[in-house]
Amino acid sequence: MLKVLGRTSSINVRKVLWLCSELDLAYELEPWGEDPQSLHSAEFMALNPNAMVPVIIEDDFVMWESNAILRYLANSNGGDWLYPENPRARAPVDQWMDWQATELNTSWRYAFMSLVRNSPAHQDPRLLAAAIKGWTHTMNILDQHLQKTGRYVAGRNFSLADIPVGLAVNRWFETPLEHPEFPAVQLYYERLTEREGYTTWGRNGKP
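Quick notes on the rules
Residues numbered from 1 in each chain as written. Predicted model: local features only at pLDDT ≥ 70, side-chain atom pairs only at ≥ 80, totals over all residues. Heavy atoms only, no water. Core = buried A, V, L, I, M, F, W, Y, C linked by side-chain atoms within 4.5 Å. Buried < 20%, exposed > 50% of the residue type's maximum accessible area, 1.4 Å probe, protein only. Helix = DSSP H or I, 4+ residues; strand = E, 2+ residues; numbered from the N terminus. Contact = heavy atoms within 4.5 Å. Arc of directions from axis to C-beta. Pairing = 2+ DSSP bridges. Right-handed = clockwise from strand over helix to strand, strands pointing away. UniProt positions renumbered as here; feature names shortened; annotations may be inferred. 1 Å grid on protein atoms, 1.4 Å probe; cavity = no way out; pocket = protein on both sides within 12 Å on 5 of 7 lines; lining within 4 Å. Points joined across faces, edges and corners; volume = space filled by probe spheres on them. Nonpolar A, V, L, I, M, F, W, Y, C, P; charged D, E, K, R; others polar. Lys, Arg positive; Asp, Glu negative; His and termini not counted. Salt bridge = Lys/Arg side-chain N within 4 Å of Asp/Glu carboxyl O.

**Things to note about the nonpolar core**
Met139, Leu142 and Leu160 are the most contacted members of the largest nonpolar core, which has 62 residues in total. The leading source of residues in this core is helix α4 (residues 87–115), at nine residues. Every residue in contact with methionine 139, bar those within four places of it in the chain, is listed here: Leu104, Val169, Trp172, Phe182 and Val185.

**Section: helix α7 (residues 183–192)**
Every buried residue belonging to α7 is among Ala184, Val185, Tyr188, Tyr189, Arg191 and Leu192, and all of these are buried. Along α7, the residues classed as buried sweep out an arc of 165° about the axis, all on the same side.

**Focus: the pairing of strand β1 (residues 2–5)**
Strand residues, when the strand is regular, have side chains that alternate between the two faces of the sheet. Examined bridge by bridge, β1 and strand β2 (residues 27–30) share four bridges and lie parallel to one another. Residue pairing across strands places lysine 3 opposite glutamate 28, the latter belonging to β2. Note on the crossover from β1 through helix α1 (residues 11–23) to β2: the handedness is right-handed. Across three bridges, the pairing between β1 and strand β3 (residues 55–58) is antiparallel. Opposite valine 4, over in β3, you have isoleucine 56 as the bridge partner.

**Observations regarding the UniProt feature "domain: GST N-terminal" (unreviewed entry) in the protein chain**
Following the UniProt record, one finds the feature "domain: GST N-terminal" (unreviewed entry) at residues 1–81. Between the first and last C-alpha atoms of residues 1–81 the distance is 23 Å; the span itself is 35% helix and 20% strand.

**A short note on the layout of surface pockets**
Unfilled space is identified by rolling a water-sized probe across the atoms. As a volume, the largest pocket reaches approximately 660 Å³. What lines the largest pocket is a set of 25 residues, among which Ser10, Ile11, Asn12, Met52 and Val53 lie closest to the centre. Broken down by element, the lining of the largest pocket gets its largest block of residues, six residues, from α4. Here the residues of the lining of the largest pocket sort into eleven nonpolar, eight polar and six charged.

**A closer look at the side chain of aspartate 143**
Among the structural elements, aspartate 143 can be located in helix α5 (residues 125–149). Here aspartate 143 occupies a buried position and makes no salt bridge, while the nearest side chain of opposite charge, arginine 191, is found at 10 Å.

**Section: the pairing of strand β4 (residues 61–64)**
In the sheet, β3 pairs with β4 via four bridges, with the strands oriented antiparallel. If you follow isoleucine 56 over to β4, its bridge partner there is methionine 63.

In structure tokens form, the structure reads like this:
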């Protein structure tokens, strides 16, 4: 059976768990990252030297890096409807997954650490204001794009890209800051909420 190592407070672990729901994959969740299962233990570092979750294990196969895990699980479990084989159909899925991992994640990190995690190292008012401005900018990019597609980030159909982007959208709405009007993002948020996996692992009250 597939093992997923990580804590459910992690947005990256929740990506994998949501995909398991979409693919109807059975798995065993091991709560690493919570006492006493430290990510810096020798046992865990042997699996992922970055000391980060999630990690998946299938027999003797070990893998880390959440978006790569999503691609692997879709490829190996009949997920063509989420991650098409056709290169031109697959390209926008990869594009928006990579955008989430680079541009979008980078933009929210300081504000999230300040406003949600209450990190003492992230309380500079100027840096916080700049982070909120940057996060708002990336969400505006997403809103404009969703106005064009009309439904999901890679086109008319739900795809693998909607898992990381959809969880990031939930984080946006669950973080206590002023949220400008982004009507296409709001509609997207409501549309994703129709999916059981999203209500379980995305829009569930956790940022």
